[in-house]
Amino acid sequence: MRRSGFTLLELAVAFGVLSLAIVAAADLVSTTGDALARGAATASLDAKANALLARIERDLVQAGAETLLPAAPAGESAIAYRLAFGYEDGVTQWGSPLRIEFRADEAQDGVDNDADRFVDEARIVLVRNAGTTAETETAWANGIRSYLEGEVPNGLDDNGNGLVDERGLCFARDGEAIVIRLSVEGRDSRGRVMARTVATAVRPRN
Ligand SMILES: [Ca+2]
Ligand SMILES: [Ca+2]
Ligand SMILES: [Ca+2]
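Since we're looking at a predicted model, the values are computed, not measured. (Residues numbered from 1 in each chain as written. Chains lettered and ligands numbered in written order. Predicted model: local features only at pLDDT ≥ 70, side-chain atom pairs only at ≥ 80, totals over all residues.)

Colleague: Would you take a moment to explain the overall build of the chain for this structure?
Modeller: On a plain count of helices and strands, the chain comes out with one helix and ten strands. Listing the helices and strands of the chain from first to last along the sequence gives α-β-β-β-β-β-β-β-β-β-β. Its C-alpha radius of gyration of 26 Å places the chain more than 25% over the 17 Å reference for a compact globule of 206 residues. In terms of overall dimensions, the chain has C-alpha extents of about 115 × 35 × 30 Å along its principal axes. Among the 206 residues that make up the chain, the fraction classed as buried is 22%. Relative to all contacts within the chain whose residues are 6 or more apart in sequence, the contacts with residues 24 or more apart total 50%. (Helix = DSSP H or I, 4+ residues; strand = E, 2+ residues; numbered from the N terminus. Rg over C-alpha atoms; globule rule 2.2 N^0.38 Å. Buried ≥ 20, exposed ≤ 12 C-beta atoms within 10 Å, placed from the backbone. Contact = placed C-beta atoms within 7 Å.)

Structure (structure tokens):
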């Protein structure tokens, strides 16, 4: 006897397989979308962090080692320095005092007070004529993490870098060099908060 059409069982199996395939495809699309969103945010945060690090490095590499304050930073979130502008009678002439510092954008209380999904976010500010009446300041970037990635304020070195409770921008001495560490944060296209951390070592001039 020749069969024609499908039995109910065959149809049920076919629909079952089809719906499994649809679920798997939807999963794949959603996973791929997730990865793309994260990848794009990562690239943009990396670019921001590296540009900012290069900017700080550019100044500190020209700063006089003897003008640094603190002279031997150990995790401080600000550093003061002066740039050389020439020599007179064999003596280096230093420019006006500058300071790069971490500046909180909201109360540092572990609460997202301004509801932007970032907790205790901060910015980096350059202060010119620091400590004088002619003091002016320029914001270099916002979106700085309150604490360096992996660090929480508890009196412990949570991320194992030798610094305790260090901020999202911090300076530490390593021999003749100053190590600059920086954590930026941002959101991907799906609203998830992400952080990226960069570090470099610079040797101020003698
Ligand atoms: Ca906030
Ligand atoms: Ca630490
Ligand atoms: Ca800690």
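Colleague: How should the environment of L36 be read in this particular structure?
Modeller: Here L36 is to be found in helix α1 (residues 8–60). Between the C-alpha atom of L36 and that of D188, which follows or precedes it by 152 residues, the distance is 9.4 Å.

Colleague: Teacher, can you tell me more about the nonpolar core here?
Modeller: The tendency in soluble globular proteins is for nonpolar side chains to be buried side by side. In this structure, F102, I124, I144, L169, C170, F171 and L182 are the most contacted members of the largest nonpolar core, which totals 25 residues. Secondary structure elements with two or more residues in this core: α1, β2 (78–81), β5 (98–104), β6 (122–128), β8 (169–174) and β9 (177–187). By residue number, the principal contributor to this core is α1, which donates five residues. Other than its neighbours up to four places away in sequence, F171 contacts P73, E76, I79, I178 and I180. (Core = buried A, V, L, I, M, F, W, Y, C linked by C-beta atoms within 7 Å.)

Colleague: Explain the pairing of strand β4 (residues 91–94) to me, please; I cannot follow it from the model alone.
Modeller: The side chains of a regular strand alternate between both faces of the sheet. Sheet analysis places strand β3 (residues 84–88) next to β4, joined by four bridges and oriented antiparallel. The partner of E88 across the bridge, within β4, is V91. Turn length for the β3-β4 hairpin, with the two strands adjacent in sequence and antiparallel, is two residues, and the turn residue D89 shows positive phi of about 50°. (Pairing = 2+ DSSP bridges.)

Colleague: Is there a simple way to explain α1 in this structure?
Modeller: The periodicity of an α-helix, 3.6 residues per turn, causes residues three or four places apart in sequence to face the same way. The terminal C-alpha atoms of α1, which comprises 53 residues, lie 77 Å apart, in line with the 78 Å expected from a rise of 1.5 Å per residue. A small share of α1 lies buried, amounting to five of its 53 residues. Among the residues of α1, those classed as buried are L45, A49, L52, I56 and L60. (Expected span 1.5 Å × (residues − 1).)

Colleague: Looking at this structure, I do not really get unusual backbone geometry. What am I missing?
Modeller: Most peptide bonds adopt trans geometry, and most residues besides glycine take a negative phi value. Geometrically, the link from L69 to P70 is a cis peptide bond, its omega value of 0° lying close to zero. Positionally, P70 belongs in the loop between α1 and β1 (74–76). With a phi angle near 50°, A115 is a residue other than glycine that sits in the positive phi range. Turning to its location among the elements, A115 is positioned in the loop between β5 and β6. Take A115: there are 8 C-beta atoms within 10 Å of it, and that puts it in the exposed class. With phi around 50°, N129 is a residue other than glycine that occupies positive phi space.

Colleague: I keep staring at the pairing of β9 and nothing clicks. Help me out?
Modeller: Where β8 lies against β9, six bridges are found, and the strand directions are antiparallel. Each bridged residue has a counterpart across the sheet, and for C170 the counterpart in β9 is R181. Between β8 and the antiparallel strand that follows it, β9, lie two residues; G175 among them carries a positive phi value of about 65°. Here β9 runs beside strand β10 (residues 193–202); their pairing, made up of ten bridges, is antiparallel. Across the sheet, residue I178 finds its bridge partner in β10, namely V202.

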